[in-house]
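What follows is each chain in one-letter form.
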Amino acid sequence: MPDMKKAVVIGAGIAGLITARMLSDYYDEVCIIERDELPSEPANRQGVPQSFHPHRVLPRGGLILEHYFPGYNDELVALGAIPSHEEKFVIANRYGTLVNKANAASSFKIASSSRALLEWVLRQRVQNIDHISFLTNTEVTGLLISEDQRSITGVYTKERGQENREEILAADMVIDAAGRSSKLIKWLDKLGLSVPEPEVLKVSLGYSTRYYKIPSAIKKEWGTVITESDPVKGIRAGMLWRIENDIAGLLLFNAGGEEYPSTKADEFQEQIKYLFASDEIVELENQLEPFQGPRGYRISESIRQHFELMENWPSGLLVLGDAFCSFDPIHGQGMTVAAIEAETIGKCLDEQRIHPEPQFERKVLLRMQQAIEPAWWLSSVADLRWKGVEQVGPSRMKGVAFAQKYINLFTKQAMKKASQEHNNHLFFTQFLMNALILPPSEYFKGDILNMILNDNGSKEEMELRAELGVQDPELFQQRIDEIIPSFQLEFDGQIKKLLESFQHAMSK
C-alpha cells in the first residue's frame, strides 16, 4: 500500500471533522484546511450558510459518531442540548395526528442541538488529537499531480483574501469535504480529467426558520411537533423543536419553487396556520418569545456525482459529503450520510492494509455510492411529489410512482394502528428506514404489501393496486423486485444491536 504519512482534508465542517478523525487512525499526520477562521465558541460560520437552520443526526449517523467521538452526545447534553428521546412528540400528516410520550428513537440516546454546538463539540475533540492540525483562513486553489498524471500528491493553497503566491502542501491522500462550495470538478477539468454527467434533482426548495426563547413556565410541557407536507394540496412541512439553552426553532419548508416560506415575521406567522397540526403549533408558538429570524435558505438543485465511473480517477484523491452528493436538507440526511461515507473509507483502508488492490480510490467511490443509494432514492421519491421538481441526468430513477403510492398507504395504515390500536410496529419500521438503519428492501416487501392492502377499497389502496399491476399475493415480492432498485446496505454489529433494541421496544 502507498505511504500513509500525511492526509489533507479540505473543509472543517461536520463532514471534514468526521473524516479527519477517521483518518487519524491510519495516517501519521492529518491536516484540515479551512477557508474560515474558526470561532472559539459555538457560533454559526459564514462558510456554512445553512448553519442557522435545523440540523439533526439520524440514528445511523449517531452510531458512527459515537464510535469516533465516544460520549459526544453526553457532552452535548451537558452543554445544554436536549435529550430529545425523552420528550413527547406530535407527528401530523394528511392521515391524522399522533401523540407519543416518548420519541420513536427512544432506544437510541440522541441530543437535539444547533449545528453550531455540534460542530464545536466535534471540533474540540479533533483539536485534542496531537497529529491533527488546522490550517485556517486558507483556500485550496488546485490539486498537485504526479508527473505520470496518475496520482494526486498534494494541494495548492493560498491565504484567503491575499494576493500572495500559492504554496504547495504535499500529501499522500487528499479528501475533499468542502460541501456545496467544492471546486473539485473545476480542478479535475484543469488537469484534463472529464467528469461524468451527474444526477440532478431540480428541487427549487426553500425553508425559513425562526428562533424563540422558551419561558420557564412551559418547559416541562414541551414536545416536538413535526407536520409533514402534502405537496398535492400545496401544504408545506413544518417543525417546532427545542435545541440547547431553552431555545426553540420553528421551520417552514416547501419545494418546487412556488411561494417559498416567508422571511417576514407577520407573513411567517400567517403561514403557520396552514400546516397540519396548526392548532398545536400556534398554541405553543404563542407562548414563546421571538428573538431571531425568520431567516430563509434556498437551494435550486440536489446533485449526485458519479466520479466512480471515471477510469482515469487519480490515486490519492477522494471526496465525500455534499461535494459528492448533496441532499434536500429537510430530510436531515446530510450529516449522517457524510458519517456513512467516512466510515466506508475507513473500512476500505482496513481492507487495503491486509489485501492491497489497484485502483483503491475508485473502488472506495463505488462502495460509497452503494452506501448512499438508499438515502438519495428516498429523498428523491419524497421531493418528486412536489409540482415543479424534476429529475435530469443520464438515467431515470426506478420505482418512484410505485414507492410514493406504497408510502401513502403504509403511512395511512401506520397512523391508524398507532392511534387506534396503540400498535407502533409499522410506524417504527418506517422510522428505521428513514433513519437509514433498514434498507428500503426491508420496507418494500411482499408480506408487508399484502398486510397493508387491507384498507376497504380506499383511494390509496386502489392507486397502489393499479401501480402494482398484479393481484396474486404470491407474485407481490417478484413484482416489487422488478420495480424497486436493489440496495446494498452494510450491516455491522452496531446496527444489529440497535435493531434488536427497537424490536424489544416494539414488543412492549
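Only a predicted model underlies this, so the values are computations on that prediction, with no experimental measurement involved. (Residues numbered from 1 in each chain as written. Predicted model: local features only at pLDDT ≥ 70, side-chain atom pairs only at ≥ 80, totals over all residues. Heavy atoms only, no water.)

Caption draft 1: Representation of the packing of aromatic side chains within the structure. In total, this model carries 15 aromatic pairs according to the counting rule given. Through pairs of rings, three or more aromatic residues link up here, namely Trp377, Phe402, Tyr406, Phe410, Tyr443, Phe444 and Phe487. Over the ring of Phe291 we find Lys213; its NZ or CZ atom is 5.6 Å from the centre of that ring. Note that Arg295 overlies the ring of Phe52, its terminal NZ or CZ placed 3.9 Å from the centroid. (Phe/Tyr/Trp six-rings, centres within 6.5 Å; stacked < 30°, edge-to-face > 60°. Lys NZ or Arg CZ within 6 Å of the ring centre and 35° of its normal.)

Caption draft 2: Geometry of unusual backbone geometry. Here the residue pair Gly293 and Pro294 is connected by a cis peptide bond, since its omega of 5° sits within 30 degrees of zero. Here Pro294 shows up in strand β16 (residues 289–304). Of note, Asn137 is a non-glycine position whose phi angle comes to about 55°, a positive value. Counting through the fold element by element, Asn137 comes out in the loop between β7 (132–135) and β8 (138–145). The phi dihedral of Asn456 is positive, around 55°, even though this residue is not glycine. By relative accessible area, which is 74% here, Asn456 ends up exposed. (Helix = DSSP H or I, 4+ residues; strand = E, 2+ residues; numbered from the N terminus. Buried < 20%, exposed > 50% of the residue type's maximum accessible area, 1.4 Å probe, protein only.)

Caption draft 3: Focus on the environment of Leu143. Assignment of secondary structure puts Leu143 in strand β8. The sequence separation of Leu143 and Leu317 amounts to 174 residues, and the corresponding C-alpha distance is 9.3 Å.

These values are about where atoms sit, not about what they do.
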